[in-house]
Structures are given as C-alpha cells and as structure tokens.
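Report on the structure
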Amino acid sequence: VMLALDSSQSMAGAPMRELLAGIQTFRNAIQEDELASLRVEFAITTFGAETKLIQDFTTLDGFTAPTIKAEGKTPLGGGLNLALDHLDARKSTYKRFGIPYYRPWLFLISDGAPTDGLRWQEAAMRAQEADLMNKLSFFVVGVDGADMDILTDIAPAHRAPMMLRGLAFTELFR
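Note that the coordinates shown come from a computational prediction; the quantities given were computed from them, not determined experimentally. (Residues numbered from 1 in each chain as written. Predicted model: local features only at pLDDT ≥ 70, side-chain atom pairs only at ≥ 80, totals over all residues. Heavy atoms only, no water.)

Residue placement: G72 occurs in the loop between β3 (51-58) and α3 (76-96). By relative accessible area, which is 37% here, G72 ends up partly exposed. Residues G72 and G98, 26 residues apart in the sequence, show an inter-C-alpha distance of 41 Å. Setting aside residues up to four positions removed in sequence, G72 forms contacts with S8, Q9, G48 and A49. (Helix = DSSP H or I, 4+ residues; strand = E, 2+ residues; numbered from the N terminus. Buried < 20%, exposed > 50% of the residue type's maximum accessible area, 1.4 Å probe, protein only. Contact = heavy atoms within 4.5 Å.)

Time to look at the nonpolar core. With 25 residues, the main nonpolar core has V1, L3, L5, L19, F42 and F107 as its most contacted residues. Secondary structure elements with two or more residues in this core: β1 (2-6), α1 (14-32), β2 (42-47), β4 (105-110) and β5 (137-142). Of the residues forming this core, the biggest block, 5 residues, is contributed by α1. The residues contacting F42, other than those within four sequence positions of it, are V1, F26, I30, Q55, D56, F57, T58, L60 and F63. (Core = buried A, V, L, I, M, F, W, Y, C linked by side-chain atoms within 4.5 Å.)

Next up on the list: the sheet that holds strand β6 (residues 162-163). The mixed open sheet is built from 6 strands, whose spatial order is β3-β2-β1-β4-β5-β6. Both outer strands of the open sheet, β3 and β6, are each paired with one neighbouring strand and no more. Examined bridge by bridge, β1 and β2 share 5 bridges and lie parallel to one another. Across the sheet, A4 pairs through a bridge with T45, a residue of β2. (Pairing = 2+ DSSP bridges.)

Topologically, G145 is positioned in the loop between β5 and α5 (148-154). Residues G145 and H158, 13 residues apart in the sequence, show an inter-C-alpha distance of 23 Å.

Looking now at the packing of aromatic side chains. With the rule as written, the count across this model stands at 7 aromatic pairs. Relative to F42, the ring of F26 lies with its centre 5.9 Å away and its plane at 85°, an arrangement referred to as edge-to-face. Taken together, the positions of F26 in helix α1 and F42 in strand β2 put the pair 16 residues apart, joining distant regions of the chain. By relative accessible area, which is 1% here, F26 ends up buried. F42 sits in the buried class, given a relative accessible area of 1%. Through successive ring pairs, a cluster of aromatic residues spans F26, F42, F63, W105, F107 and F139. Directly above the aromatic system of F139 lies the positively charged group of R159, at a separation of 4.6 Å from the ring centroid. (Phe/Tyr/Trp six-rings, centres within 6.5 Å; stacked < 30°, edge-to-face > 60°. Lys NZ or Arg CZ within 6 Å of the ring centre and 35° of its normal.)

Listed below in structure tokens is the structure:
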C-alpha cells in the first residue's frame, strides 16, 4: 500500500489533522485484521513544499506515525508520480527475488487543489491506466472541504473519490 499525501499549505489546520487521524485509522484497521497485518507493507510519500518519500515500505511493526508539516504549493502530479515510481520499484524487487505479491493499492489523499499545471493530469492518467490494467488499485480520497470535481477527474472512472472522514478502511480490506 502506498499513501500519497498532500502536505501543501492548503492542508493546514483541520485538513491536516483529519489526514493524520486517517493514517492512524488506517494503521489500526490493518492491525485489527489478522490477515492484513501479516501481509501489508506500506510506504508514504508527501507533496507540498517538497515531494518526498517519508516512509519507505515497511510492515506494521516498522511503522511510526509521521510528522507532516503543511507548507508550500500542491505539486500533486509530482507526488503521484513519485508514489507510482516507488510502487513500480517495489514490485520489481519482488519479481527479482521471486516473491509473490498482491496487486498494490495506491491511496491519494488531498484537498484536490493541484498547482502543477498539466502535470497532475498526466500523473492521474498514468495512475488510472495502471488501475485499468490491474497493475494497482487506485483510490482517491478527499479531506473535508476537498474539491471533489478535481478529485473525480483524478480518480479512475469506475471508482469515485471517497471522503476521508468516515472512510471504513476495514470494509476496503474485505
């Protein structure tokens, strides 16, 4: 599982608190699901003042709650591409060592206010195509007050964007 998280200035305050609470809810849902807790590895990228990997792939026992500061613009395309690149690299590692794996999940969590021109649209098309070709399952999630029109443009056509508040991660595992 890759979490691509919006850490831009527009996420300051309540949206960032909601995002961080959502990560904890996600972690708890994995921990409560015996099968998922044994199988899931996850990583976190952020996009804001910087686009970076803040948590490389780890199992639940290696996860520490991230500290994320909301600052800068919203290079959503760069953040989404970075997440896709890390997922591709992880799958290559599994293949190289003959390790079977399940289709990875990519969660993009944002307020839907990209500032990187057409780059976000190109990255969204890349993620949608990977989802369509069963290379990953792409989920787009909005924080409270998110621009759902933009998030709908980013999400795969067959999977509408969801709101983070009240999102039942446990139901997604099923």
